[in-house]
Amino acid sequence: MTRILLLGGTTEASAMARFLADQGLNAQFSYAGRTMSPVAQPLPTRMGGFGGVQGLAQHLRDGGFTHLIDATHPFAAQISANAVNAAALAGVPLLCLQRPAWVAGQGDRWTRVSDIAKAASALPASPTRVFLAIGKQNLDAFAGLPHHFLLRLVDPPVAMPLPDAQVVIARGPFTAQGDAALIRDHRITHVVAKNAGGMGAVAKLTAARELGVQVIMIDRPVLPERAEVSEPELALAWIHQTARRGA
């Protein structure tokens with residue numbers, strides 16, 4: 001019998017969960033547990049980590065899972081790498097459901113960098129006002145800089161390593177009009193963003209383009225090779241195809 005483990009936390013994961021539930025497929029949704037109030041899902045749901053590659057492989061075996069879908073955030077590099085290795089250990093086919101990356105267009109003022117540290121280095125040496133749109137996991141890299149930072153988070157931070165920062169608590173999707181007002185009201189000169197892709201957070205880039213604000217764009221991490229699709233419908237087709245092959 002087909003049984004799917006869906007690693008979630010993204011809009012695509014929620015859409016995939018609805019597809020699986022509507023199809024009546026046996027599936028479990030897994031959250032990493034980093035958000036205080038995660039979106040409710042139409043599938044049985046678990047919270048928290050697995051204990052590395054071996055723990056995830058054991059969960060796949062113990063749960064009788066026949067398929068693993070990684071629909072985590074494009075920057076959740078550790079769990080995605082663990083999924084590749086755990087699926088191989090457990091003999092379970094793996095598919096990544098991931099939104100396409102953003103691409104700079106006419107009027108965009110992007111500086112592309114490979115990681116968080118380079119993003120911090122790409123900011124001006126003199127004090128300025130930065131919309132730091134990277135979540136709350138990597139703030140330490142910016143702690144020694146002289147800038148005023150604006151952060152928009154889903155949950156209030158437990159600790160704030162940035163001495164001059166203002167936090168806005170909000171959950172997307174956002175609008176270009178709203179983000180343009182946010183950028184103007186806070187006199188933002190630079191936006192630092194991860195290239196997460198998708199429509200839920202693209203508004204800040206549209207607003208930055210309209211206002212001529214510089215964007216420092218962090219490229220996605222390089223991950224092991226794996227099968228990948230961008231739409232839940234294609235993931236559903238993959239499930240049916242691999243089930244018919246007995247994979």
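The structure contained in this document is the topic of the report that follows. One numbering rule holds for all chains: residues counted from 1, following each sequence as written. Thresholds applied to this predicted model are a pLDDT of at least 70 for local features of residues and 80 or more for the giving and counting of side-chain atom pairs; totals over whole chains, interfaces and linings are not thresholded and use all residues. Calculated side-chain values reflect all of the structure's heavy atoms, with hydrogen atoms and water omitted.

Quick word on the environment of R171
Phase 1: Put simply, DSSP marks the helices as runs of H or I at least four residues long and the strands as runs of E at least two long, and each gets a number from the N terminus on. Tracing the chain through its elements places R171 in the loop between strand 9 (165–169) and helix 5 (176–185).
Phase 2: Given the relative accessible area of 42%, R171 is considered partly exposed.
Phase 3: When the C-alpha atoms of R171 and H73 are compared, they prove to be 15 Å apart, with 98 residues separating the residues in sequence.
Phase 4: The contact criterion used is simple: two residues touch if any of their non-hydrogen atoms lie within 4.5 Å. Not counting chain neighbours up to four residues away, the residues in contact with R171 comprise T35, S37, V39 and V154. Each residue is placed in one exposure class: buried if its accessible area under a 1.4 Å probe, protein chains only, is under 20% of its type's maximum, exposed if it is over 50%, and partly exposed if it falls in between.

Re the pairing of strand 5 (residues 94–97)
Phase 1: Going residue by residue along strand 5, you find L94 and C96 tucked away on one face and L95 and L97 tucked away on the opposite face as well.
Phase 2: Whether two strands pair comes down to DSSP finding at least two bridges between them. Pairing between strand 4 (residues 67–70) and strand 5: three bridges, direction parallel. What sits directly across from L68, in strand 5, is L94.
Phase 3: Both strand 5 and strand 12 (residues 228–229) contribute to a ladder of two bridges, which runs parallel.

Side note on the side chain of D108
Phase 1: Looking at the secondary structure, you find D108 in the loop between strand 5 and strand 6 (110–113).
Phase 2: Beyond its immediate chain neighbours, meaning those up to four positions away, D108 contacts L205 and R209.

What about the environment of Y31?
Phase 1: Relative to the assigned elements, Y31 resides in strand 2 (residues 26–31).
Phase 2: Here Y31 falls in the buried class, since its relative accessible area comes to 10%.
Phase 3: Between the C-alpha atom of Y31 and that of M47, which follows or precedes it by 16 residues, the distance is 4.8 Å.
Phase 4: Ignoring sequence-local partners within four residues, the contact set of Y31 consists of G9, P38, V39, Q41, T45, R46, M47 and G48.
Phase 5: Of note is the side chain of Y31, whose polar atom sits 2.5 Å from the backbone oxygen of V39. In protein, a polar contact requires one atom able to donate a hydrogen and another able to accept it; more generally it is a pair of N or O atoms within 3.5 Å, and residues adjacent in sequence count only if both atoms are side-chain atoms.

Some remarks on the sheet that holds strand 4
Phase 1: Spatial strand order, 3-2-1-4-5-12: six strands in an open sheet with parallel pairing. Each of the sheet's edge strands pairs with one partner strand only, and the pair in question is strand 3 (45–47) and strand 12.
Phase 2: Contacting strand 1 (3–7), strand 2, strand 4 and strand 5, helix 1 (residues 11–23) runs over the sheet at an angle of about 160° to strand 1.
Phase 3: Packing of helix 2 (residues 52–62) onto the sheet brings it into contact with strand 1, strand 2, strand 3 and strand 4, and relative to strand 1 it is tilted by some 150°. Every axis corresponds to a line fitted to the C-alpha atoms, with the helix fit spanning only the stretch in contact, and the corresponding angles, defined between N-to-C directions, vary from 0 to 180 degrees.

No statement about biological role is implied by the geometric values presented.
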